[in-house]
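An overview of the molecular structure
What follows is the residue order along each chain.
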Amino acid sequence: MSYSANTPSIQADNEWSPLKAVIVGRAGRACFPAGAPAMIEATMPSEHVHRFKPRSIFPDDIIAKAEAELDFFAAILKAEGIQVYRPKAGIDWLAEEGYTGAMPRDGLMSVGNVLIEACFAWDCRSREIELAYGEVLEELGKDDRVTIVRRPAESFANTLLDGEPSAPWIINESRPAFDVADFMRFGKVIIGQYSHVTNKAGVNYIQSHLPQGYRIEMLEVNDPNAMHIDATILPLREGLMVYHPKKVTEAALRAHKVLADWNLVAYPFIPQGPGPEDPPLYMTSPWLSLNALVLDGERVVVEASDEQTAAFYEELGMQCIRCPFKHVNSIGGSFHCATVDLVRS
């Protein structure tokens, strides 16, 4: 192991302290996630809505290249001395009527010595953590200093059918629902957002499982298509954060005491979309430039071809580690999405 044997297998409560252990996802035979039409229309790029049907597979060449990018990313992290856990390889998500195992950040939240499994709003993701990450969770759970909170059976009720939507969101409050990617950790304060996949019952559920002294604060965002906060705010190190100025204001951020004295920097460009030779962004926007993985407050992993973002982060004092990730972007996320930080010192 690359860190002390006395360190618990799960110990993390922010996004920037030195990363010592991490999960990196695998694509498997990835499929477009199938969901209710209202959910798809509320969250996915309009030009690709027609693809989100049951048994709709991502193009084989994109899956193969995304898998290679994830492997390369894992190798980069290992070379930096970070312990890397990987899920089960070769899962046929078509046969499982699922999505992919590439985005573990959506499904697993590390807070202190606790790891919480998400209560996904999307039915097609209901078995994702068990199928891809069950063996990893079993290994981590051998450490009696940690607590792993598995999703309860009663959280599998359908949040689109069993009650009225909780405006302005598609989902209702019939049961807890949340994606972990709707939350960011700032020490004892966790900042989150309500969205089409995260409801109040879900926030209350997380709060009930947090270690003593930790609390959730909900950020006011301006995003009618909200689904995941990790392309809206990016803490680069303690006291410095980049944010998406069209989705959240500086005033809304400073309303949280934990951020009141931070240097808050608006991302100054409109991110460039994919070029004619690039794979489509089927599920996301070019604002994935904010979906980076910080290794230690000095180094950050960014898409290899995104020179504009790398130059900007370097101006802010960061060292950028470049990694090709466009095909992972194509199937739904970037470096933050594709990881779960287990130990930060």
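Definitions and limits used
- Residue indices follow the written sequence of each chain, beginning from 1 at its first position.
- Confidence filtering applies because this is a predicted model: local features only for residues at pLDDT of at least 70, side-chain atom pairs given and counted only at 80 or more, and all residues used for totals across whole chains, interfaces and linings.
- Excluding hydrogens and water, the side-chain values take into account all heavy atoms of the structure.
- For two strands to pair, DSSP has to find at least two bridges joining them.
- By the criteria applied, helices consist of DSSP H or I runs no shorter than four residues and strands consist of E runs no shorter than two, each listed in order from the N terminus.
- Here an axis means a line fitted to C-alpha atoms, over the contact stretch when the element is a helix, while the angle between two N-to-C directions is reported on a 0 to 180 degree scale.
- For this text, the term disulfide refers to a pair of cysteine sulfurs within 2.5 Å.
- UniProt positions are given in the numbering used here, feature names are shortened, and annotations may be inferred rather than shown by experiment.
- Cavity and pocket criteria rest on a 1 Å grid covering protein atoms alone: a 1.4 Å probe that fits but cannot get out defines a cavity, protein on both sides within 12 Å along at least 5 of 7 lines defines an open pocket, and an atom within 4 Å of a point defines a lining residue.
- Accessibility here uses a 1.4 Å probe with only protein chains present; expressed as a share of the type maximum, an area under 20% marks a residue as buried, one over 50% as exposed, and anything in between as partly exposed.
- By definition, a salt bridge exists where a carboxyl oxygen of Asp or Glu is found within 4 Å of a side-chain nitrogen of Lys or Arg.
- Grid points are joined across faces, edges and corners, and a volume is the space filled by probe spheres set on the points.
- The span you would expect from a helix comes to 1.5 Å times its residue count less one.

Think of a sheet as strands paired side by side through backbone hydrogen bonds, with each pair either parallel or antiparallel. Judged by pairing direction, the sheet is mixed, and its three strands sit side by side in the order β2-β1-β15 without closing on themselves. On the outer flanks of this sheet lie β2 (83-85) and β15 (339-344), each paired with one strand and no other. Taken over all neighbouring pairs, the strand axes of this sheet differ in orientation by 20° on average, direction set aside. Of the strand pairs in this sheet, strand β1 (residues 19-24) and β15 are connected by five bridges, and their pairing is antiparallel. Looking at β15, one finds that A21 is bridged to V343.

With that out of the way, let us pick up the state of the cysteines. As enumerated under the stated definition, the model contains zero disulfides in all. Just so you know, C119 is unpaired, no disulfide at all, and the nearest cysteine sulfur is the one on C124, 15 Å from it. In this model C320 remains outside any disulfide bridge; the closest cysteine sulfur is found in C323, 13 Å from its own.

This part takes up the UniProt feature "active site" (unreviewed entry) in the protein chain. Those places that UniProt annotates as "active site" (unreviewed entry) correspond, in this numbering, to D179, H228 and C337. Considering the C-alpha atoms alone, the annotated residues occupy 159 residues of sequence yet fold into one spot, their largest mutual distance being 10.8 Å. In the annotated group above, the largest pocket draws its lining from H228 and C337. Classification of D179 as buried rests on a relative accessible area of 0%. Overall, the relative accessible area of 13% leaves H228 in the buried class.

Applying the stated criterion to the full structure yields 24 salt bridges. Residues E15 and R185 are paired through a salt bridge, measuring 3.1 Å at the closest nitrogen-oxygen approach. Separated by 170 residues along the polypeptide, E15 in the segment before β1 and R185 in strand β6 (residues 183-186) bring together distant segments of the chain. We classify R185 as buried; its relative accessible area is 4%. Note that E117 is salt-bridged to R150, the shortest N-O span being 2.6 Å. On the criterion of sequence distance, the pair formed by E117 in strand β4 (residues 114-117) and R150 in the loop between β5 (147-149) and β6 is long-range, its members being 33 residues apart.

Summed over the entire model, instances satisfying the criterion amount to three cavities of 30 Å³ or more. Quantified by volume, the largest cavity comes out at close to 70 Å³. As for the largest cavity, its lining consists of 13 residues, of which E15, R105, M109, V180 and R185 are closest to the centre. The set of elements that each furnish at least two residues to the lining of the largest cavity consists of β3 (108-111), β6 and β15.

The next thing to look at is helix α2 (residues 60-79). Taking 1.5 Å of rise per residue, the 20 residues of α2 would be expected to cover 28 Å, and the 29 Å separating its terminal C-alpha atoms lies within 8% of that figure. Among the residues of α2, those classed as buried are I62, I63, A66, E67, E69, L70, F73, A74, I76 and L77. Just past α2, the residue G81 takes up positive phi, approximately 85°.

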